[in-house]
Amino acid sequence: MAASRQHRPPSRRHAPDIPLDDAAVTEQYASLSGTSMASPYVAVAAALLAQRHPDRTGAQLKSALVGSAAPVAGATVSDTGAGLTDVPAALDTTVVAEPAALAAHATYPNASAAPQSHDVTWANTTDKPVTLRLSAAPGRAIRVGAETVTVPARSSAVMEVVLDPSQVEAGTTYSGAVTATWPRRGRATVSVSVQADPETYALTLTGPAPREGAERNSTGAVLQNEKTVVSQLVGLDGTKPRTVTLPRGSYRILGHTCRCPPPAPSGGR
């Protein structure tokens, strides 16, 4: 199966965790979602792209798929990555960026975190130079080194992108993109995520001492954040202390203890 400008296939767009709503729901079929459902579509898209552009590297094929994806309104990079795979757009794109995505991380407190500089290489696969108009959004967590860059024919140009974790609220992950546009409705994006760690505290748990007649105890404790309802299971071996790190918040602790009786004496002659 191939696609051309004269016979463009229907736009098959898909991304992880987006349900396949057009799947018939009958006794034989079901509407499913997740990466296992999305990966076959993306694999076929990559095969079509490699067939159309056999001279491109694996990284360039990936960048074409990621950079041409259609954004999902209200979704973050963690939800859908770059967005919905758009096969016709990926086939027609003539400028690709490497890397396809950028990420940064800052420990708490991130208000004083230093900006992180990254190089993005824009490759022009056509026989004519192209001028890209560059933008970064939303907010001030991303900055581009220049508003425009001209990429020579069959060549590439490097541009600086600065990620600033100090502009991200502690305990959240920022999602954004660097977007390049060029004449004739050309468009490519580089997905950006910046994770800022939350304020955390250390909590030390100790299991109860074994009762008389027991060799030791085995305790399981569930720590649940009362606001987010996120839970964490912690296993305790006897009275040996165990320290866990938790984001700031109010927690409830639920637990149970199993008593391990001493082994029965072995018989002898």
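Look up a bit, the structure's there.
Criteria and thresholds
- Each chain has its residues counted from 1, running along the sequence as written.
- Owing to the predicted nature of the model, reporting of local features is limited to residues with pLDDT of at least 70; listing and counting of side-chain atom pairs is limited to 80 or more, with chain, interface and lining totals taken over all residues.
- Only hydrogens and water are removed before side-chain values are computed, so all heavy atoms of the structure are retained for them.
- Each residue's exposure class comes from its accessible area (1.4 Å probe, protein chains only) as a fraction of the maximum for that residue type: buried when under 20%, exposed when over 50%, partly exposed otherwise.
- Elements are defined by DSSP. Helices are runs of H or I of four residues or more, strands are runs of E of two residues or more, and each kind is numbered from the N terminus.
- A contact between two residues is defined here by any heavy atoms of the two lying within 4.5 Å.
- Each pair of strands is called paired provided DSSP finds at least two bridges between the two strands.
- To get an axis, fit a line to the C-alpha atoms, keeping to the stretch in contact for a helix; angles then go from 0 to 180 degrees between the N-to-C directions.
- To estimate the expected span of a helix, count its residues, drop one, and scale the result by 1.5 Å.
- As used here, the arc belongs to the directions running from the helix axis to the C-beta atoms.
- For each structure, a 1 Å grid was placed over the protein atoms alone; sets of points admitting a 1.4 Å probe that cannot get out are labelled cavities, open sets with protein on both sides within 12 Å along at least five of seven lines are labelled pockets, and lining residues have an atom within 4 Å of a point.
- Grid points are joined across faces, edges and corners, and a volume is the space filled by probe spheres set on the points.
- Gly counts as polar in this scheme, as do all residues outside two lists: the nonpolar Ala, Val, Leu, Ile, Met, Phe, Trp, Tyr, Cys and Pro, and the charged Asp, Glu, Lys and Arg.
- For this analysis, a salt bridge means a side-chain nitrogen from Lys or Arg found within 4 Å of a carboxyl oxygen belonging to Asp or Glu.

Things to note about helix H2 (residues 58–67)
For the α-helix, the turn length of 3.6 residues means that residues three or four positions removed from each other point alike.
So, step 1. In terms of burial, H2 is a largely internal element, seven of the 10 residues being buried.
So, step 2. If you check which residues of H2 are buried, you get Gln60, Leu61, Ser63, Ala64, Leu65, Val66 and Gly67.
So, step 3. Those residues of H2 that are buried are in contact with helix H1 (35–52), helix H4 (87–92), strand E1 (95–98), strand E3 (116–124) and strand E9 (186–196).

Focus: the sheet that holds E3
So, step 1. Sheet architecture is open: four strands sit in the order E1-E3-E7-E5, paired in antiparallel fashion. Two strands bound the open sheet, and with one partner strand each, they are E1 and strand E5 (142–144). Pairwise comparison of adjacent strand axes, ignoring direction, gives a mean angle of 30 degrees for this sheet.
So, step 2. In terms of strand pairing, E1 meets E3 through four bridges, oriented antiparallel. Of the residues in E3, the one forming a bridge with Val96 is Ala123.
So, step 3. Strand contacts of H2: E1 and E3, with the helix running at about 110 degrees to E1, the strand carrying the most contacts.

Thoughts on unusual backbone geometry
So, step 1. Here the bond from Tyr108 into Pro109 is cis, since omega is -5 degrees, no more than 30 degrees from zero.
So, step 2. Relative to the elements of secondary structure, Pro109 occurs in the loop between strand E2 (101–106) and E3.
So, step 3. The omega angle of the peptide bond from Ala137 to Pro138 is 0 degrees, so this bond is cis rather than trans.
So, step 4. Turning to its location among the elements, Pro138 is positioned in the loop between strand E4 (130–137) and E5.

So, H1
So, step 1. Here H1 contains 18 residues, and its C-alpha end-to-end distance of 25 Å stays within 8% of the 26 Å for a straight helix at 1.5 Å per residue.
So, step 2. Within H1, the full set of buried residues consists of Ala38, Ala45, Leu48 and Leu49. The arc that holds every buried residue of H1, seen down its axis, measures 100 degrees, which confines them to one face.
So, step 3. Summarising the contacts, the buried residues of H1 are in contact with H2 and H4.

Here's the deal with the layout of surface pockets
So, step 1. Within this model, the second largest pocket holds a volume of roughly 350 Å³.
So, step 2. Lining the second largest pocket are 21 residues, and of these Pro71, Ala75, Ala82, Gly176 and Ala177 sit closest to its centre.
So, step 3. In terms of residues, the lining of the second largest pocket owes the most to one element, strand E8 (residues 173–182), which gives four residues.
So, step 4. Partitioning the lining of the second largest pocket into residue classes produces 10 nonpolar, 10 polar and one charged.

Observations regarding the pattern of salt bridges
So, step 1. Per the stated rule, a full pass over the model turns up five salt bridges.
So, step 2. Measuring nitrogen to oxygen at the nearest pair gives 2.9 Å for the salt bridge that ties Arg154 to Asp127. On the criterion of sequence distance, the pair formed by Arg154 in the loop between strand E6 (148–151) and strand E7 (156–163) and Asp127 in the loop between E3 and E4 is long-range, its members being 27 residues apart.
So, step 3. Taking the relative accessible area as the measure of exposure, Asp127 reaches 60% and is therefore exposed.
So, step 4. Taking the shortest distance from any N to any O, the salt bridge between Glu199 and Arg248 comes out at 3.3 Å. Of this pair, Glu199 sits in the loop between E9 and strand E10 (200–205) while Arg248 sits in the loop between strand E13 (242–247) and strand E14 (251–260), placing them 49 residues apart in sequence.
So, step 5. In this structure Arg248 comes out as exposed when scored by relative accessible area, which is 59%.

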